[in-house]
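Observations on chain architecture
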Amino acid sequence: MSDLEKRLAQARAEAGLADLPHGHFIDGGFHVPPALEEMESYDPGLGRPFATFANGTADDVDRAVLSARKAQRAWARTAPVERGRVLRRISDLILSEGRRLALVEMFDAGKRLGEAEGDVRSAARTFEYYAGAADKLEGAQIPVGNDYLAYTVHEPVGVVAQIIPWNYPLTSAVRGVAPALAAGCSVVLKPAEQTPFTALLLAEICSRAGLPDGVFNVVTGTGARVGGPLTAHPDIDHITFTGSVPTGSRVMAEAARNITRVTLELGGKSPHVLLADCDLDRAIPDVMGAIFENAGQICSAGSRLIVERSIRDAVAERLAKAMAGLKTGHGYANLDVGAVNSREQLKRIEDHVERAKSRGDALIAGGSRVEPEETPDGWYFAPTVIEASDPKDPIVQEEVFGPVLALQVAEDFDHAVALADGTDYALAGAIHTRDLTKAVRFAREVDAGQIYVNEYFAAPVEVPFGGNGKSGFGRAKGLEGLKTYCKLKSVTMKLV
Ligand code: NAD
């Protein structure tokens, strides 16, 4: 047994993988359906299954929605300050259970342990933030003259469905669950079939923190068996879907049948612009973090690097040098880059890169699978940079969702803005420059839900997040994220 295998065996025991929850979490407890069909969850770092979970059905969805409906009214009537206290206890418990949550997330998603630990801190912080916001959801008093009183109130939307992808299983779940609970909604969550476990552990934590039974339910399984029936359910008031454009489009069409509200958080192909005046010592590590963190499987990754021509050679040289030192391996080894989430995802990334090579795009670094010595059967792709001269090249236009950076050269600032704005996606955009005017113009002219200046991913939970165009619509995080789960009511009274 190699040294890593021994350490992994200890980590599995520490994470309690043998005692992971079984079944769905419905009405305050784990529920194993009578006709249980199981699926396997894989450790992407080894390419091997490590646990099983329930592949749910429409019946399980029905049961979870019924439980959420029954619990919602009382939860909405719980004093906002008390809802906030429950959320605060959830935040504390996430931190005290943090080691287990991080290990489970690492095994399930393939990410580096350090990244999984960061996700746990972020999840706790999100509950802390919305705990503080629960009793500050104020309406407005509107002046309509002496004989009237007009005001607005934010009411909870009701029962919310959350459909979650595999790249950030815990933090994507929390980003929707925490504000929905703060607003007084109840939730039925479907995690991705590749990464079901931290959502189940979170549900148990919420229950231990005092969240009433039925307010937060989790049904695991595939998109077809669980996601479809949840989306089509007539008793769902709002759907938050985070995932790919084709599935988002299907969810939206399904939601239209019942006139269900919907928030779509879809993909991206976000530009990271380096102007000639930028500080390359700061910018190069930032560029790498923006695309190689979580092996590039981030919707808002900085996956297009746009540089002014005068610094193109210096940037390419520095990038290739910095990347030559990057080590890829199992998440528990905590090297520079972890595994990609699934065999299918690895194949997709490889296909994108092979097609780019066959079109004659220039490979600057990486470009193939990696087989680390200790974990050769895991799913790994080398951090990759590909230069494309045609702005319509698929490597520039299509989301790869892996550690693959497309390099584009701009003749000047205006050209950089045009290239930055040149895809159907509009999730994020970033610029490195010392010129404030150009930074502000970039922020104004590039269509994106969020702009970063001189530091990618700079925005914490207080700052709203979401997309435009093919990246979706609606906002998570910040007070906007709380309003996503509210219905605005106006009251106008004649004073008689
Ligand atoms: P996906 O669309 O295949 O799956 C996402 C979720 O939808 C999963 O839980 C899946 O089971 C479920 N699903 C599948 N078919 C369904 C159906 N017919 N009805 C209802 N639910 C269904 O996406 P993926 O490959 O798992 O995730 C990667 C994508 O997610 C990328 O495009 C990425 O950019 C995007 N993403 C976006 C954000 C964001 O905040 N904008 C965050 C993370 C990931």
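The following paragraphs examine the structure supplied in this document. (Residues numbered from 1 in each chain as written. Predicted model: local features only at pLDDT ≥ 70, side-chain atom pairs only at ≥ 80, totals over all residues. Heavy atoms only, no water.)

Thoughts on empty space enclosed by the protein
The tally for this structure, following the rule as stated, stands at five cavities of 30 Å³ or more. If you add up the space inside the largest cavity, you get close to 80 Å³. Lining the largest cavity we find 15 residues, and of these Gly-176, Thr-240, Glu-265, Ala-476 and Tyr-485 sit closest to its centre. Mapped by element, the contributors of at least two residues to the lining of the largest cavity are β7 (159-163), α6 (169-183), β10 (238-242) and β11 (261-265). Examining the composition of the lining of the largest cavity, we find that three residues originate from one element, α6, more than from any other. By residue class, the composition of the lining of the largest cavity is four nonpolar, eight polar and three charged. Considering the residues around the second largest cavity, the lining is formed by 13 residues, among which Gly-296, Ala-301, Ser-303, Glu-399 and Phe-401 are closest to the centre. Tallied by class, the residues present in the lining of the second largest cavity amount to seven nonpolar, four polar and two charged. (1 Å grid on protein atoms, 1.4 Å probe; cavity = no way out; pocket = protein on both sides within 12 Å on 5 of 7 lines; lining within 4 Å. Points joined across faces, edges and corners; volume = space filled by probe spheres on them. Helix = DSSP H or I, 4+ residues; strand = E, 2+ residues; numbered from the N terminus. Nonpolar A, V, L, I, M, F, W, Y, C, P; charged D, E, K, R; others polar.)

Quick notes on the site of the ligand
The ligand sits among 29 residues. The nearest are Ile-164, Glu-193, Ser-244, Leu-266 and Glu-399. Residue Arg-175 places a side-chain N or O atom 3.0 Å away from an oxygen atom belonging to the ligand. A distance of 2.6 Å separates an oxygen atom of the ligand from a polar side-chain atom of Glu-193. Protein burial of the ligand: of its 840 Å² of free accessible surface, 87% is covered by the chains. Mapped onto the shell around the ligand, the elements with two or more residues apiece are α8 (223-232), β10 and α9 (245-258). Here the element with the most residues in the shell around the ligand is α8; it accounts for four residues. Of the residues assigned to the shell around the ligand, the class counts are 13 nonpolar, ten polar and six charged. Among the domains, domain 1 (3-266 + 473-489) and domain 2 (271-460) are the pair contributing at least three residues each to the shell around the ligand. (Near = heavy atom within 4 Å. Polar contact = N/O pair within 3.5 Å; in protein donor to acceptor, adjacent residues only side chain to side chain. Areas by Shrake-Rupley, 256 points an atom, 1.4 Å probe, with all protein chains shown as cover. Domains from an automatic or database assignment.)

Side note on the pairing of strand β13 (residues 304-308)
Extensive coverage of β13 is indicated by the burial of five of its five residues. Of the strand pairs in this sheet, strand β12 (residues 271-274) and β13 are connected by four bridges, and their pairing is parallel. Residue Pro-271 lies in a different strand from β13, and its bridge partner there is Arg-304. In this fold, the crossover linking β12 to β13 by way of helix α10 (residues 280-292) has right-handed handedness. Relative to strand β16 (residues 404-410), β13 runs parallel, the two being bridged by five bridges. Bridge pairing in β16 places Leu-305 opposite Leu-407. (Buried < 20%, exposed > 50% of the residue type's maximum accessible area, 1.4 Å probe, protein only. Pairing = 2+ DSSP bridges. Right-handed = clockwise from strand over helix to strand, strands pointing away.)

Focus: the pairing of strand β8 (residues 186-190)
Each regular strand carries side chains that alternate between the two faces of the sheet. Burial runs high along β8: five of the five residues are buried. Every second residue of β8 is oriented toward a common face, with Ser-186, Val-188 and Lys-190 on one face and Val-187 and Leu-189 on the other, all of them buried. Strand direction decides the pairing type here: β7 and β8, joined by five bridges, are parallel. Its bridge partner lying in β8, Ala-161 is registered against Val-188. Note that the unit made of β7, α6 and β8 has a crossover that is right-handed. With three bridges connecting them, β8 and strand β9 (residues 216-218) associate as parallel partners. Paired with Val-188 across the two strands is Asn-217, which belongs to β9. Each parallel crossover has a hand, and the one from β8 via helix α7 (residues 197-208) to β9 is right-handed.

Concerning the environment of Thr-375
In this structure, Thr-375 sits in the loop between β14 (362-365) and β15 (384-387). By relative accessible area, which is 3% here, Thr-375 ends up buried. In sequence terms Thr-375 and Arg-309 are 66 residues apart; their C-alpha atoms lie 40 Å from each other. Setting aside its immediate chain neighbours within four residues, Thr-375 contacts Leu-4, Gly-45, Leu-46, His-330 and Tyr-380. (Contact = heavy atoms within 4.5 Å.)

Comments concerning the sheet that holds strand β22 (residues 486-494)
Taking strand neighbours across the sheet as the criterion, the three strands line up as β5-β6-β22 in an open arrangement whose pairing is antiparallel. Two strands close off the open sheet at either side, each with one partner strand: β5 (141-142) and β22. Sheet analysis places β5 next to strand β6 (residues 148-156), joined by two bridges and oriented antiparallel. Bridge pairing links Ile-142 to Ala-150 in β6.

Considerations on the nonpolar core
The biggest cluster of nonpolar side chains holds 68 residues, and the ones touching the most others in it are Ile-94, Phe-127, Tyr-130, Leu-181, Leu-189 and Phe-216. The biggest single contributor to this core is helix α5 (residues 113-133), with ten residues. Those residues in contact with Ile-94 that lie beyond four places of it in its chain are Leu-101, Val-120, Ala-123, Ala-124, Phe-127, Leu-202 and Ile-205. Grouped together as the second largest cluster of nonpolar side chains are 38 residues, Cys-278, Val-287, Ile-311 and Val-315 included. (Core = buried A, V, L, I, M, F, W, Y, C linked by side-chain atoms within 4.5 Å.)

Observations concerning the side chain of Asp-60
Within the fold, Asp-60 resides in helix α2 (residues 58-77). For Asp-60, the side chain forms a polar contact with the main-chain nitrogen of Thr-57, separated by 2.9 Å. Excluding anything up to four places from it in sequence, Asp-60 contacts His-24, Ile-26, His-31, Pro-33 and Val-219.

Shape descriptors only; they carry no functional weight alone.
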